[in-house]
Structure formats: structure tokens, C-alpha cells
Amino acid sequence: LGKAADALAPLRVATQLVAAQRSDKASATRDVLRIDAGALFQAHYVRDITGDSPRVIAGGIGVGDHAPQPDAGVHAIVKAEMLDADAWQAFGERLGLSLGPAVAQPGQQAKAAAAATPGSLSAVTPRAPFVVAKAEAAPTVSVDYSPTAIALTSKALVVGGRRMTQVTAGLTQQAADGTWRANVD
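As the structure is a computational prediction, the values presented were derived from the model and not from experiment.

1. Some thoughts on the overall build of the chain
Looking only at helices and strands, one finds two helices and ten strands in the chain. Helices (α) and strands (β) of the chain occur, in sequence order from the N terminus, as β-β-β-β-β-α-β-α-β-β-β-β. Residues counted as buried form 30% of the 185 residues belonging to the chain. Sequence separation of 24 or more characterises 40% of the internal contacts of the chain that already satisfy a separation of 6 or more. Total accessible area on the chain is roughly 11700 Å²; 56% of this is exposed by carbon and sulfur atoms.

2. Notes on the nonpolar core
Counting residues in hydrophobic clusters, the biggest one holds 20 residues, and the most contacted among them are Tyr45, Ile61, Val78, Leu83, Ile150, Leu152 and Leu157. Listing elements by their share of this core, those giving two or more residues are β3 (41-48), β4 (55-63), β5 (73-84), β8 (149-159) and β9 (162-173). Tallying contributions element by element places β5 first for this core, with five residues. Excluding residues that lie within four positions of it along the chain, Ile150 makes contacts with Ala76, Val78, Ala169, Gly170, Leu171 and Trp180.

3. What to know about the sheet that holds strand β1 (residues 12-19)
Taken together, the eight strands give an open sheet; going across it, the order is β1-β2-β3-β4-β5-β8-β9-β10, and neighbouring strands pair in mixed fashion. Only two strands of the sheet have a single partner each, and these edge strands are β1 and β10 (180-184). Strand-to-strand twist across the sheet, computed as the mean angle between neighbouring axes with direction ignored, equals 20°. Relative to β10, β9 runs antiparallel, the two sharing five bridges. Bridge pairing links Thr172 to Arg181 in β10. The strands that helix α1 (residues 85-94) touches are β5 and β8; relative to β5, the one it contacts most, it runs at about 120°.

4. Considerations on the side chain of Asp48
Looking at the secondary structure, you find Asp48 in strand β3. Side chain to side chain, Asp48 and Thr50 meet in a polar contact 2.6 Å long.

5. Some words on unusual backbone geometry
One non-glycine residue with positive phi stands out, namely Gln166, at about 50°. Here Gln166 is to be found in strand β9.

6. Some words on the pattern of salt bridges
Where side chains of opposite charge bring their charged atoms close, a pairing between them can arise. Counted by the stated rule, this structure contains four salt bridges. Here Asp31 makes a salt bridge to Arg47, at a shortest N to O gap of 2.7 Å. Placement of Asp31 in strand β2 (residues 28-36) and of Arg47 in strand β3 is noted, with a sequence separation of 16 residues between them. The exposure classification of Asp31 matches that of Arg47, with both residues buried.

7. Remarks on α1
Within the sequence span of α1, burial applies to Ala85, Gln89 and Gly92. Along the axis of α1, the buried positions cluster into a sector of 60°, meaning they face one direction only. The opening residue of α1, the one whose side-chain oxygen lies 3.1 Å from the backbone nitrogen of Asp86, is Asp84. Count one or two residues on from α1 and you reach Gly96, which has phi positive near 90°.

8. Observations regarding the pairing of β9
Examined bridge by bridge, β8 and β9 share ten bridges and lie antiparallel to one another. Paired with Ala156 across the strands is Thr165, a residue of β9. Remark: two residues form the turn of the hairpin made by β8 and β9, two consecutive strands paired antiparallel; Gly160 in that turn has positive phi of roughly 60°.

9. Comments concerning the environment of Leu171
Within the secondary structure layout, Leu171 lies in strand β9. In this structure the C-alpha to C-alpha distance between Leu171 and Ala182, which are eleven residues apart in sequence, comes to 4.4 Å. If near-sequence neighbours (up to four positions away) are discounted, Leu171 is found in contact with Thr148, Ala149, Ile150, Trp180, Arg181 and Ala182.

Thresholds applied
- Residues numbered from 1 in each chain as written.
- Predicted model: local features only at pLDDT ≥ 70, side-chain atom pairs only at ≥ 80, totals over all residues.
- Heavy atoms only, no water.
- Helix = DSSP H or I, 4+ residues; strand = E, 2+ residues; numbered from the N terminus.
- Buried < 20%, exposed > 50% of the residue type's maximum accessible area, 1.4 Å probe, protein only.
- Contact = heavy atoms within 4.5 Å.
- Areas by Shrake-Rupley, 256 points an atom, 1.4 Å probe, with all protein chains shown as cover.
- Core = buried A, V, L, I, M, F, W, Y, C linked by side-chain atoms within 4.5 Å.
- Pairing = 2+ DSSP bridges.
- Axes fitted to C-alpha atoms, helices over the stretch in contact; angles between N-to-C directions.
- Polar contact = N/O pair within 3.5 Å; in protein donor to acceptor, adjacent residues only side chain to side chain.
- Salt bridge = Lys/Arg side-chain N within 4 Å of Asp/Glu carboxyl O.
- Arc of directions from axis to C-beta.

Encoded structure:
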């Protein structure tokens, strides 16, 4: 995130009730959850609060940039000088979250290809990078808060043990089966 370990970053978490957009109902049926760590990180979620637990309607996550404000779904913008996806994956695993492999490690693609059914790409194409799932004895993390679309810009990206430079990528998660598609420049 570009923050030195001893540097301070203010963290603010706030919720605000918002009235329904329909004029026939004055009571609040939604809230907005905002999480802000200055220029490092911003997130906001519009949530339906009529049920037993809040349900995310739309949200945005911004790392190194402002959080986007989509009409539906959760979108993220990540701008970083250097992003080590492998280190973030290891960090998530230490927290008890399964983030899924971003890409196969060197040598794994050949092994996966040998085990794949003819004509099947699922064994060599990584599935569901950055999908948050509950692990044993880990706190529950709702997938509703995870992005389904990510715009990434980084001068250096480490993923799957490989380093890439001047990376611009767009990632989208397919609603039907949870697979991710990426366009990388």
C-alpha cells in the first residue's frame, strides 16, 4: 500500500442511514457503510437493512485511488507502485481466508494440463482468484463485500512467482460460475 510500518494512517469507519428512494415510505431501509484510511484505502457499501443481516446492493473499493460508485455490484480500483499478489494471498491465508490462487505456480500448469480432461481448460485456467471463502475456525466474511470487477494499475506486479512491469488489468467475475476473466496489458 506504500505505507511504512511506522507511519500513521487514520482509520475511519462510519454508517449512515438513508431514506428509501420511494416517497411513500419515510423509514430508512438502507444504510451506507464507509471505511476510510486516508489516501491509502477507501470503501463504501450501500446495504439493504430490512432483513436479519445487511445485504450489499452496491459498493466500491479504492486502493491508492477513490472508491468507484457503481449502481450495482462491488467494483474496485487498485493503483499501486508495486503489488505483490503472492504476499497478499499469504496474508489472507494467515487470517484464515481462502483467496484462491491468482495464477498457477511455475510447473503446475503442465501437471494440471496432464490431469485435465481433453478439451477442458478448467484444470489449467485458475478459477476464482481473490474469492473470499470461510476457512476452518475463521471469522465469517460475506462474499457480498468482495469485488466482482477490479481495475488494476501497477508499475510492478508479482503473481505466481513472476514479476511483471507496467501492468494495467481489468478483472471481472462471472456471476454464473464464479470464474474470473482478465484482460492484461
